[in-house]
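Topology and contacts: notes
So the chains spell out like this:
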Amino acid sequence: MLRDASLSAVLAGFVAVVVSYSGTLVIVLAAASAGHLDPARTTSWVWAISLGSGLTCIGLSLRTRMPVITAWSTPGAALLVTSLGAYPYAEAVGAFLISGAVIALIGLTGVFGWLMRQVPAAVVSAMLAGILFGFGTHVFTSLKTAPVIAGSVLLAYLLAKRLLPRYAVLVALAAGVAGSAATSRLHVRLHTVELARPVLTAPEFSLASLVGIAVPLIVATLASQNAPGMAVLSASGYRPGDRLLIGTTGVASTVLAPFGSHAVNLAAITAAICTGPEAHPDPRRRYVAGVSCGACYVLIGAFGSTLVAFFAGLPGELVAAVAGVALFGALAGALAGGLTGAVKEEKDREAALITFLATASGVTLFGIGSAFWGLVFGVAAHLVLSGRRRGRTAGA
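The rules we used
Residues numbered from 1 in each chain as written. Predicted model: local features only at pLDDT ≥ 70, side-chain atom pairs only at ≥ 80, totals over all residues. Heavy atoms only, no water. Helix = DSSP H or I, 4+ residues; strand = E, 2+ residues; numbered from the N terminus. Buried < 20%, exposed > 50% of the residue type's maximum accessible area, 1.4 Å probe, protein only. Contact = heavy atoms within 4.5 Å. Areas by Shrake-Rupley, 256 points an atom, 1.4 Å probe, with all protein chains shown as cover. Salt bridge = Lys/Arg side-chain N within 4 Å of Asp/Glu carboxyl O. Expected span 1.5 Å × (residues − 1). Phe/Tyr/Trp six-rings, centres within 6.5 Å; stacked < 30°, edge-to-face > 60°. Lys NZ or Arg CZ within 6 Å of the ring centre and 35° of its normal. Core = buried A, V, L, I, M, F, W, Y, C linked by side-chain atoms within 4.5 Å. Disulfide = S-S within 2.5 Å.

Quick notes on the overall build of the protein
- Scanning the protein for helices and strands turns up 17 helices and two strands.
- In the protein, buried positions account for 54% of the 396 residues.
- Considering only intrachain contacts with a sequence separation of at least 6, the fraction spanning at least 24 residues in the protein is 83%.
- Within the structure as shown, the protein displays about 16600 Å² of accessible surface, and the carbon and sulfur contribution to it stands at 68%.

This is the structure in structure tokens:
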């Protein structure tokens, strides 16, 4: 691995972690607050999802030699914001355990992979393009609220892309931090540094928590996280093994559930940061980004809420702008190799377009994110339109 290591790959892993902790962790903390968890259990939750994400990143990236990026389930945490307070915490932990075990079973038996293979490739490509599209536009929407920060990130990225292409994201991040400091938007403070202390909670089980937490958590994690995560790896030219990846993250979720982990799964947005050419021109050496990401997860998780407070001090516009430019390469590849090709094929044109628009809209229905609904609407459109054509052909 030392021979394959590069600064750009290590940086890509670090940027992925910055995006995770500066953005989606807020939803986890909101869910902990809604469930009335004390600081000790909240810290244990952060420790568990960080450790699970870090160890699976490192282990799966080294095992497969692919940049396998994992994270906690963001839509799952969003579901818990509205549901966690309705159940005793021990029953919620029991639901987390059941959810992880079911996902592990679905992954290890190959059921998930079989389901994904039934979805047309054009629909999957369009879903990926839709996911990345919103993050790409964040660079420009941030110009309205923080023109100095977003503008410095974009300008620095373009200049570095011409002069130092492998370090363009690093230069953009440095420029964004400087812009944040110059506009007094950087509020990073570390009062104390202490190791996290995991808290073990004995799980309890009830039908109510199974229906109210476990079932929607399983659906949201598989559809809104693992499906796009597999699509990101495939779109970057890798051949991910669904049994190994989904099964391993499910097992990690199950083992860490008593410490508060609601779900560990494949990442999509942060994965795209590590699987593109910005991480390394050679796809065979990008797995280092996965190891780097995992190491940062473990380090931050070890200190629990201490370093989380550090990331919370970064301006949202800085995180959005850096994530956007880091995803430019992945978005260009998705549009050129996926959506554009799908639209050229008449038989998949409408289905791909519907998938892209539904995914890019960001719509959330029944607590499940737009990536899942993009797949649903796209597959439905494909079935309807294919059936129509077959019927016409038979009639002729």
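Digging into the pattern of salt bridges
- All chains considered together, the criterion is met by two salt bridges.
- One salt bridge in this structure joins K161 and E278, with 3.2 Å as the shortest N-O distance. Taken as a pair, K161 in helix α7 (residues 147–163) and E278 in the loop between α11 (269–275) and α12 (287–302) lie far apart in primary sequence, 117 residues in all.
- For K161, a relative accessible area of 34% puts it in the partly exposed group.
- Measuring nitrogen to oxygen at the nearest pair gives 3.3 Å for the salt bridge that ties R284 to D282.
- With a relative accessible area of 65%, R284 lands in the exposed category.

Considering unusual backbone geometry
- Of note in this structure, H36 is not a glycine but carries a positive phi near 60°.
- Tracing the backbone shows H36 in the loop between α1 (7–34) and α2 (39–64).
- Positive phi, normally seen in glycine, also occurs at R65, with a value near 60°.
- Along the chain, R65 falls in the loop between α2 and β1 (70–72).

Re α12
- Compared with an ideal rise of 1.5 Å per residue, which puts 16 residues at 22 Å, α12 spans 23 Å between its outermost C-alpha atoms and is within 8% of the ideal.
- The element α12 is largely enclosed, with a buried count of 12 among its 16 residues.
- Within α12 the residues assigned to the buried category are Y287, V288, A289, G290, V291, S292, C293, G294, C296, Y297, I300 and G301.

Remarks on the packing of aromatic side chains
- Scanning the model with the defined rule gives six aromatic pairs in all.
- Considering the side-chain rings of Y21 and W72, the 5.3 Å spacing of their centres and the 55° angle between planes classify their relative orientation as tilted. Highlighted residues: Y21 in helix α1 and W72 in strand β1, separated in sequence by 51 residues. Each of the two residues, Y21 as well as W72, counts as buried.
- Relative to Y297, the ring of W72 has its centre 5.8 Å away and its plane inclined at 65°; by these criteria the two rings are edge-to-face. Pair noted here: W72 is in strand β1 and Y297 is in helix α12, with a separation of 225 residues, a long-range link. The two residues W72 and Y297 agree in class, both being buried.
- These aromatic residues form a ring-pair network of at least three members: Y21, W72 and Y297.
- Above the ring of Y287, the side-chain terminus of R65 is found at 4.6 Å from the ring centroid.

Quick word on the nonpolar core
- V15, W45, F96 and Y297 are the most contacted members of the largest nonpolar core, which totals 98 residues.
- In terms of residue count, the dominant contributor to this core is α1 (13 residues).
- If sequence neighbours within four positions are ignored, W45 has contacts with V28, A31, A32, L37, L80, L84, F259, G260, S261 and H262.
- W47, A48, L51 and L256 belong to the second largest nonpolar core, which has five residues in total.

What about the state of the cysteines?
- Taken as a whole and judged by the stated rule, the model has zero disulfides.
- Not engaged in a disulfide, the cysteine C293 finds its nearest cysteine sulfur in C57; these two sulfurs lie 4.2 Å apart.
- On the basis of relative accessible area, C293 is assigned to the buried category, the value being 0%.

Fair warning: the whole summary comes from geometry, so function is off the table for now.
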